[in-house]
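Commentary on secondary and tertiary structure
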Amino acid sequence: MKQDNLGNRIEELAIEYGKVVTHTGTELEQNSVNFFQKWFKHLEKIAKLPIETKISPVKNDHLNRSVCYALLQGKSKDTVVLIGHSDTVDVEDFGKIKDIAYEPEKIKEGFKNGQVDVLDKVKKDLTDEWLFGRGICDMKAGGAIEMALFEKYVQDKDFPGSVLLVAVCDEENLSAGMRHLSYILDDLNKRYGLNYKLIIDGEPHERIDKNTMIIYDGSIGKIMPICLTRGKLTHVGQVYQGLNPISLLSEIVSLTDLNQDFIETRGNTTSPAPTWLYQKDRKYVYDVSLPITSGGYMSVLPLTKTPKEIMEKLKEISVEAFENVIKRTDKSFKKYLQASGEEGKIEYPTKVFIFEELVREIKNENKVDIEKILKDTEDKLTKMVNDGEISIPEAVFRLMEELLSNYSYRGPVVLWGICPPYYPSVNNLDLKNYKEMQELVEKMKDFTKENLDLKLDVQNYFTGICDLSYAMLTLDDEELSYVKDNFLMWNTYPINLDLIRKYSMPVFNIGPWGKDLHKYTERVSRSDLKSNTPKLMDFVIKEILK
């Protein structure tokens, strides 16, 4: 297929694919199935190589979504995996023109005619160079590039290796599709003996310099530590006879929010400091007593730190926070007693646990079957989550409260766990063949300069959080067990870490230049869509498979 024909085919697929309404986190995501079934029939007509196409239902998905994939098998079992997400954000921000949100030319005319306000920098892009529309940039353009290349390869009887193209659901939400991919990789490996060499994501990139293309050879991680503090109940008129769990949690938040100890730099990427996303007492009605518990969760975006390292650091800080609150409360109590000339002291043992530590503590008490209690509780909570009655974090809080209620000690406690979602940090430097990947990067830079007349900037981590996090896992057995023991509500966020680790492979994000992702002015560069990105992606695939 000539490059001009390839470029036109890419644009044709991007527009057609872009018109499929697949709002994330809704049943509309299943609309992609009809699109891919039609495309699969087209593949069967043009294929000169063995292919397998399938609509694979995501395991235990409450929205009954699917992952669509096509496999072509060339001269070897060495396989490149091409991934792209089929879901998009919704169109509510388009306002009165949301009915044409999927029509690139109509949107452009609407912007030109002033149907909605757009910034001057957007007006400058109302040219043939830019293609507008919901999802056209993020990321159906990247998906179209992968599909058109797949069509090209499947017609080549002498194609050197194998290619697996996968359209995953739910990337914009909880990555259910990408988590399901591990089962697909396992199944295909068992049936065909595929040797997975590389995974390429086609997510778009944004540029500072229009002449500098950006790719990524890793993706930042995300872990969501969740904290439940229990105080000691009392009437507010006798406040010193109790302890406020809000004070405990607030002190923890104060010592951890934007804490510089969590900032990491690796290569050309620096991770941001952690921050809290939610903090609230667990009191549902008004009365004049202190709340019993308070809960919150935070976001930590690591580059190299493992979940165990992060959680142990949070535990260490929580011990300090616990002691600070007791000292401050005792100081206030002594001031209160001065008027009467009395003396007194407030003291509590410092009780800070990571979830599995408290499970073991309760087991040692040998009074209840805590594992059965937790399993039954999790099953009930999972149904409530799937029925839309509660959120996943709320389910985690309730599971933690159930654990605490079975602990014979009734005083103040700080309890930590890991709440879904969990995105491992990934980078090619963490794999044994990283030197091979570094050599490939240098070849990519040369190719881009000589063939595209562009510079290539390789960023070590995609910092927007993406599906590539589930392409590799380099935790050792101890670290893996730690995650399994302290990651709560697995039923609502099934993730097979063992399979991800088994099929760990290098990663690249190679996508077209886009602007204003998730905004109503979302757009993609036609030059990148039709020429630059497919040429570079094609080069990388063939370098890996040669």
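Residues numbered from 1 in each chain as written. Predicted model: local features only at pLDDT ≥ 70, side-chain atom pairs only at ≥ 80, totals over all residues. Heavy atoms only, no water.

By the naming in an unreviewed UniProt entry, the chain is Succinyl-diaminopimelate desuccinylase, taken from Peptoniphilus lacrimalis. UniProt, in its Cofactor (unreviewed entry) section for the chain, records the words "Zn(2+)". (UniProt positions renumbered as here; feature names shortened; annotations may be inferred.)

Another point: the pairing of strand E9 (residues 222–230). Of all nine residues making up E9, nine are buried, and the element is well covered by its neighbours. Burial along E9 is two-sided: Lys222, Met224, Ile226, Leu228 and Arg230 and Ile223, Pro225, Cys227 and Thr229, pointing in opposite directions, are all buried. Relative to strand E15 (residues 413–423), E9 runs antiparallel, the two sharing eight bridges. Residue pairing for E15: proline 225 is matched across the bridge by isoleucine 418. Pairing analysis gives five bridges linking E9 to strand E13 (residues 293–299), with the strands arranged antiparallel. By the bridge assignment for E13, isoleucine 226 is matched with tyrosine 297. (Buried < 20%, exposed > 50% of the residue type's maximum accessible area, 1.4 Å probe, protein only. Helix = DSSP H or I, 4+ residues; strand = E, 2+ residues; numbered from the N terminus. Pairing = 2+ DSSP bridges.)

All right, on to the sheet that holds E13 then. The strand order E12-E13-E9-E15-E14 describes an open sheet built from five strands, whose pairing is mixed. The outermost strands of the open sheet, each flanked by one partner alone, are strand E12 (275–281) and strand E14 (352–354). In this sheet, adjacent strand axes meet at a mean angle of 20° when their direction is disregarded. Where helix H8 (residues 307–338) meets the sheet, it contacts E9, E13, E14 and E15, and its direction lies at approximately 150° from that of E15. (Axes fitted to C-alpha atoms, helices over the stretch in contact; angles between N-to-C directions. Contact = heavy atoms within 4.5 Å.)

Here we take up the packing of helix H5 (residues 136–154) against helix H15 (residues 526–545). Packing of H5 against H15 brings their axes to within 10 Å, and their N-to-C directions diverge by 55°. Here H5 lies oblique to H15, going by the angle between them. At the point where H5 passes H15, the crossing takes the right-handed sense. Contact residues: Ala141, Ile145, Glu146, Leu149, Lys152 and Tyr153 in H5; Asp528, Leu529, Thr533, Pro534, Met537, Asp538, Ile541 and Lys542 in H15. (Parallel < 35°, antiparallel > 145°, perpendicular 65-115°, else oblique. Left-handed = near helix turned anticlockwise from the far one by under 90°.)

Spatial strand order, E4-E20-E19: three strands in an open sheet with antiparallel pairing. The open sheet has two edge strands with one neighbour each: strand E4 (130–132) and strand E19 (514–515). Summarising the sheet, E4 and strand E20 (residues 523–525) pair through three bridges and their orientation is antiparallel. Considered in E20, the bridge of leucine 131 is made with valine 524. Contacting E4, E19 and E20, H5 crosses the sheet at an angle of about 45° to E20. Here H15 sits on the sheet in contact with E4 and E20, set at roughly 40° to E20.

Attention shifts here to the packing of aromatic side chains. Inspection of every chain in the model, using the stated rule, returns 27 aromatic pairs. Both rings, one in tyrosine 278 and one in phenylalanine 397, keep their centres 6.2 Å apart while their planes meet at 40°; by these two values the pair is tilted. Here the residue tyrosine 278 occupies a position in strand E12, and phenylalanine 397 occupies one in helix H11 (residues 392–405), the gap between them amounting to 119 residues. Taking relative accessible area as the criterion, tyrosine 278 reaches 30% and is therefore assigned partly exposed. Residue phenylalanine 397 is classed as buried on the basis of its relative accessible area, which comes to 2%. Taken together, Tyr17, Phe35, Phe36, Trp39, Phe40 and Phe150 form an aromatic cluster joined through their ring pairs. Stacked on the ring of tyrosine 493, the Lys or Arg arginine 179 has its end atom at 3.6 Å from the ring centre. (Phe/Tyr/Trp six-rings, centres within 6.5 Å; stacked < 30°, edge-to-face > 60°. Lys NZ or Arg CZ within 6 Å of the ring centre and 35° of its normal.)

Another point: the domain arrangement of the chain. We note that the domain assignment places domain 1 (3–99 + 133–217 + 426–460 + 506–545) and domain 2 (222–423) within the chain. With ten residues of domain 1 at the interface, the matching set in domain 2 holds eight residues. Both faces combined, the contact of domain 1 with domain 2 buries some 720 Å², and carbon together with sulfur accounts for 39% of it. Considering only the side of domain 1, the residues that lose the most area to domain 2 are His62, Leu174 and Asn460, jointly responsible for 52% of the buried surface there. For arginine 266, the salt bridge identified is with aspartate 430, shortest N-O distance 2.9 Å. Applying the counting rule to domain 1 against domain 2 returns four residue pairs in polar contact (both at pLDDT 80 or more). Of the residues contributing to the side of domain 1 that touches domain 2, the split by class is three nonpolar, six polar and one charged. (Domains from an automatic or database assignment. Buried area = accessible area lost by both parts, 1.4 Å probe. Salt bridge = Lys/Arg side-chain N within 4 Å of Asp/Glu carboxyl O. Polar contact = N/O pair within 3.5 Å; in protein donor to acceptor, adjacent residues only side chain to side chain. Nonpolar A, V, L, I, M, F, W, Y, C, P; charged D, E, K, R; others polar.)

This brings us to the layout of surface pockets. The space that makes up the largest pocket amounts to roughly 510 Å³. Phe462, Thr463, Gly464, Ile465 and Leu517 are, among the 25 residues lining the largest pocket, the residues nearest its centre. Going through the elements one at a time, strand E7 (212–216) and E15 are the ones with two or more residues in the lining of the largest pocket. Looking at the lining of the largest pocket residue by residue, the class counts come to eleven nonpolar, seven polar and seven charged. If you count residues domain by domain, the lining of the largest pocket takes at least three from each of domain 1 (3–99 + 133–217 + 426–460 + 506–545) and domain 2 (222–423). (1 Å grid on protein atoms, 1.4 Å probe; cavity = no way out; pocket = protein on both sides within 12 Å on 5 of 7 lines; lining within 4 Å. Points joined across faces, edges and corners; volume = space filled by probe spheres on them.)

Turning next to helix H10 (residues 370–386). In a regular helix each residue adds 1.5 Å, so 17 residues correspond to 24 Å; H10 covers 24 Å between its end C-alpha atoms and thus fits that length. If you check which residues of H10 are buried, you get Ile370, Leu374, Thr377, Glu378, Leu381, Thr382 and Val385. One side of H10 holds all its buried residues, which, seen down the axis, span an arc of 140°. Exposed residues pointing more than 90 degrees away from the buried face of H10 are listed as Lys375, Lys380 and Lys383. Elements that come into contact with the buried residues of H10 comprise helix H9 (355–365) and H11. One or two residues past the end of H10 sits glycine 388, with phi positive at roughly 80°. (Expected span 1.5 Å × (residues − 1). Arc of directions from axis to C-beta.)

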